[in-house]
Amino acid sequence: MSHPLFDISGRTALVTGSSRGIGLALARGLAEAGCTVVLNGRDGDRLGKAAAYLEAAGLPGDIHTAVFDVTDGASVAAGIADVEERVGPLDILVNNAGMQLRAPLLEFTDPDWHRILDTNLTSAFLVGREAARRMTERGHGKIVNICSLQSEVVRPGIAPYAATKGALKMLTKGMCADWGPHGVQVNGLGPGYIETELTGALVADEEFSAWVRRRTPAGRWGRTEDLVGGLLFLASPAADFVSGQILYVDGGMTSVL
């Protein structure tokens, strides 16, 4: 029998950008823990397939979907209101929506800069603010922002991505400062190099993969399921006095030179 501090069964959770990759794995982990889970994305078809995949797994938690654009304020406000009305009050929000655009900084275009900023940072502000309006009124809630190893360190060619993830780390701390007095804990989960559809090309690059394995004390790429335990901890009563922290799940990479 598991410790009651880690019991989150019956809670309602929204995971943004959860039709695939890390978001889908985190949504699955919450459903395995007995949460009612709302998947979010912009592509209704892809979201429907993700929901069907989770439903077919016979998990204890119910699965719902919510199609809205996390980078658009009006869409977010309507989306969160709809979720709370249709599914129930949100106990847990996971701000996972994100993207990567790789290019030398001198060649990075204005539209790409604004796109990555909107997707990785503004979305967490918009969705976090709407969810927290309700959580603070109710006096409880858990928000987990999916940060990154690049909230701390950076490689050439990904400066804008690192800028968004570094800012997301500080937004997490700011949300903690503003909403902590109202019973809402806000933390970040910082994945290291994780094998997903989106990192497939990097995983296939023998030189890069060898560098990742050498550079990581754990000696391997991370798997999406490596992130689930950290999320379940941050979303549970075990973390009621943990706020404004970033938990790096990177096989030790941020700790070594």
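Residues numbered from 1 in each chain as written. Predicted model: local features only at pLDDT ≥ 70, side-chain atom pairs only at ≥ 80, totals over all residues. Heavy atoms only, no water.

### So, the nonpolar core
By size, the foremost hydrophobic cluster in this structure holds 29 residues, and its most contacted members are Leu-26, Leu-30, Val-37, Leu-39, Val-94 and Leu-189. Those elements that place two or more of their residues in this core are β1 (12–15), α1 (21–32), β2 (36–41), α2 (44–56), β4 (92–95), β5 (141–146) and α8 (228–234). The element best represented in this core is α1, accounting for six residues. Excluding its chain neighbours within four sequence positions, the residues that come into contact with Leu-26 are Val-94, Asn-96, Ile-146, Leu-189, Leu-227, Val-228 and Leu-231. Counting residues in hydrophobic clusters, the runner-up holds 22 residues, among them Ile-80, Leu-90, Leu-126 and Ala-132. (Core = buried A, V, L, I, M, F, W, Y, C linked by side-chain atoms within 4.5 Å. Buried < 20%, exposed > 50% of the residue type's maximum accessible area, 1.4 Å probe, protein only. Helix = DSSP H or I, 4+ residues; strand = E, 2+ residues; numbered from the N terminus. Contact = heavy atoms within 4.5 Å.)

### Some details on empty space enclosed by the protein
Tallied over the entire structure, the rule returns one cavity of 30 Å³ or more. The space that makes up the largest cavity amounts to roughly 40 Å³. If you trace the largest cavity, you find it lined by Thr-16, Asn-95, Asn-96, Ala-97, Asn-120, Ser-123, Ala-124, Ile-146, Lys-165 and Leu-168. Listing elements by their share of the lining of the largest cavity, those giving two or more residues are α4 (110–138) and α5 (159–179). Sort the elements by how many residues they give to the lining of the largest cavity and α4 lands first, with three residues. Its residues assigned to classes, the lining of the largest cavity shows four nonpolar, five polar and one charged. (1 Å grid on protein atoms, 1.4 Å probe; cavity = no way out; pocket = protein on both sides within 12 Å on 5 of 7 lines; lining within 4 Å. Points joined across faces, edges and corners; volume = space filled by probe spheres on them. Nonpolar A, V, L, I, M, F, W, Y, C, P; charged D, E, K, R; others polar.)

### Quick notes on α4
Every α-helix carries 3.6 residues per turn, so stepping three or four residues along brings you back to the same face. End to end, α4 covers 41 Å across 29 residues, agreeing with the expected 42 Å (1.5 Å per residue, within 8%). Its side-chain oxygen placed 3.2 Å from the backbone nitrogen of Asp-112, Thr-109 serves as the N-cap of α4. A positive phi of about 85° marks Gly-139, the residue just after α4. (Expected span 1.5 Å × (residues − 1). Polar contact = N/O pair within 3.5 Å; in protein donor to acceptor, adjacent residues only side chain to side chain.)

### Comments concerning the layout of surface pockets
By volume, the largest pocket is sized at about 1300 Å³. Forming the walls of the largest pocket are 46 residues, and the residues nearest its centre are Ala-97, Gly-98, Met-99, Gln-100 and Leu-198. Counting only elements with at least two residues in the lining of the largest pocket, the list comes to α1, β2, α4 and α5. In terms of residue class, the lining of the largest pocket is built from 17 nonpolar, 19 polar and ten charged.

### Overview of the pairing of strand β3 (residues 63–67)
Here five bridges tie β2 to β3, and the two strands are oriented parallel to one another. Opposite Gly-41, over in β3, you have Val-67 as the bridge partner. Read as a crossover between parallel neighbours, the route from β2 over α2 to β3 is right-handed. (Pairing = 2+ DSSP bridges. Right-handed = clockwise from strand over helix to strand, strands pointing away.)

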